[in-house]
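Listed below, chain by chain, are the residues.
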Amino acid sequence: QLQASGGGSVQAGGSLRLSCAASGRTFSRYAMGWFRQAPGKEREFVAAIRWSGGSTYYANSVKGRFTISRDNAKNTVSLQMNSLKPEDSAVYYCATTESGLPFPVTSIAGYNLWGQGTLVTVSS
């Protein structure tokens, strides 16, 4: 299971750090990603990290502002979000992929296990 946390309300320009804790199994051998879904919009890719943590990939909309990281010893993945904008408001989901597809996997279909989501609201 994946459990996302850390969401909340923040003003534009502020920061939040999301965390995703994996339990029940070890995810250290799998790439993990973050997605988000704003009201009335489709779920979209945000960031991904290779199982080793050595490679990361970001959507253009968050590049330079968000940082994905992982701690395999703790079975967690984090998303540090800085310089937040109102358009970053969404429910954020963490997910893991066991697809074996080449990194980065940016499609929803490429991820097989999802967390429940955590809400981020950025006010202007």
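Each chain has its residues counted from 1, following the order in which its sequence is written. Note on the predicted model: pLDDT of at least 70 is required for a residue's local features to be given, and 80 or more for side-chain atom pairs to be given and counted; whole-chain, interface and lining totals, by contrast, use all residues. In computing side-chain properties, one takes all heavy atoms of the structure into account and sets aside hydrogens as well as water.

(A) Just the pattern of salt bridges, in detail. Any Lys or Arg side-chain nitrogen found within 4 Å of a carboxyl oxygen on Asp or Glu counts as a salt bridge. Under the definition given, this model contains 3 salt bridges. Between Arg 36 and Glu 44 there is a salt bridge, and its shortest N-O distance comes to 2.6 Å. Sharing partners across several salt bridges, the network here consists of Arg 36, Glu 44, Arg 65 and Asp 88.

(B) Examining the nonpolar core more closely. In these notes, a set of buried Ala, Val, Leu, Ile, Met, Phe, Trp, Tyr and Cys residues joined through side-chain atoms within 4.5 Å is what counts as a nonpolar core. Throughout this description, buried means an accessible area under 20% of the type-specific maximum (1.4 Å probe, protein chains only), exposed means over 50%, and partly exposed covers the range between. Trp 34, Val 46, Phe 66, Ile 68, Leu 79, Met 81 and Tyr 92 are the most contacted members of the largest nonpolar core, which totals 36 residues. Here a helix means four or more residues in a row that DSSP labels H or I, a strand means two or more in a row labelled E, and each is numbered from the N terminus. Those elements that provide at least two residues to this core are strand S1 (2-5), strand S3 (16-22), strand S4 (31-37), strand S5 (44-49), strand S7 (66-71), strand S8 (76-81), strand S9 (90-97) and strand S11 (118-123). In terms of residue count, S5 provides more of this core than any other element does, 5 residues in total. The contact definition used throughout considers only heavy atoms, calling two residues in contact when any of these lie within 4.5 Å. Setting aside chain neighbours within four positions, we find Val 46 in contact with Trp 34, Phe 35, Arg 36, Tyr 57, Tyr 58, Ala 59, Val 62, Phe 66, Leu 79 and Tyr 92.

(C) Region of the structure containing the side chain of Asp 88. In this fold, Asp 88 is placed in the loop between S8 and S9. The exposure class assigned to Asp 88 is buried, which follows from its relative accessible area of 1%. Within polar-contact distance, the side chain of Asp 88 engages the side chain of Arg 65 at 2.7 Å. Pairing of N or O atoms within 3.5 Å defines a polar contact, subject to two protein rules: one partner must be a possible hydrogen donor and the other a possible acceptor, and residues neighboring in sequence count only if both atoms are side-chain atoms. Separated by 2.8 Å, the side chain of Asp 88 and the backbone nitrogen of Lys 85 make a polar contact. For Asp 88, the contacting residues outside a window of four places in its chain are Arg 36, Arg 65, Phe 66, Ser 83, Val 120 and Val 122.

(D) Quick peek at the pairing of S8. Burial analysis of S8 places 5 of its 6 residues in the buried class, which makes it a mostly covered element. Alignment of S3 against S8, held across 6 bridges, turns out to be antiparallel. Residue Ala 21 lies in a different strand from S8, and its bridge partner there is Thr 76. Pairs of strands are assigned from DSSP output, requiring at least two bridges between the strands. Of the strand pairs in this sheet, S7 and S8 are connected by 6 bridges, and their pairing is antiparallel. When the bridges of S8 are listed, Ser 69 appears paired with Ser 78. Adjacent in sequence and paired antiparallel, S7 and S8 are bridged by 4 residues, among which Asn 75 carries a positive phi angle near 60°.

(E) Fine view of the sheet that holds S1. An order of S1-S3-S8-S7 is seen for the 4 strands of this open sheet, with the pairing classed as antiparallel. Only two strands of the sheet have a single partner each, and these edge strands are S1 and S7. Between one strand axis and the next, the sheet turns through 15° on average, direction left out of account. Across 4 bridges, S1 lies against S3 in antiparallel orientation. Helix axes use the C-alpha atoms of the stretch in contact, all axes being lines fitted to C-alpha atoms, and the angles between their N-to-C directions lie in the range 0 to 180 degrees.

(F) Region of the structure containing the state of the cysteines. For this text, the term disulfide refers to a pair of cysteine sulfurs within 2.5 Å. Per the stated rule, a full pass over the model turns up 1 disulfide. The disulfide partner of Cys 20 is Cys 94, and the S-S distance across this bridge is 2.1 Å. Across the disulfide from Cys 20 to Cys 94, rotation about the S-S bond amounts to roughly 65°, and the bridge is consequently right-handed. Of this pair, Cys 20 sits in strand S3 while Cys 94 is found in strand S9, placing the two residues 74 residues apart along the sequence. What makes Cys 20 buried here is its relative accessible area of 1%. The buried category is assigned to Cys 94, whose relative accessible area is 0%.

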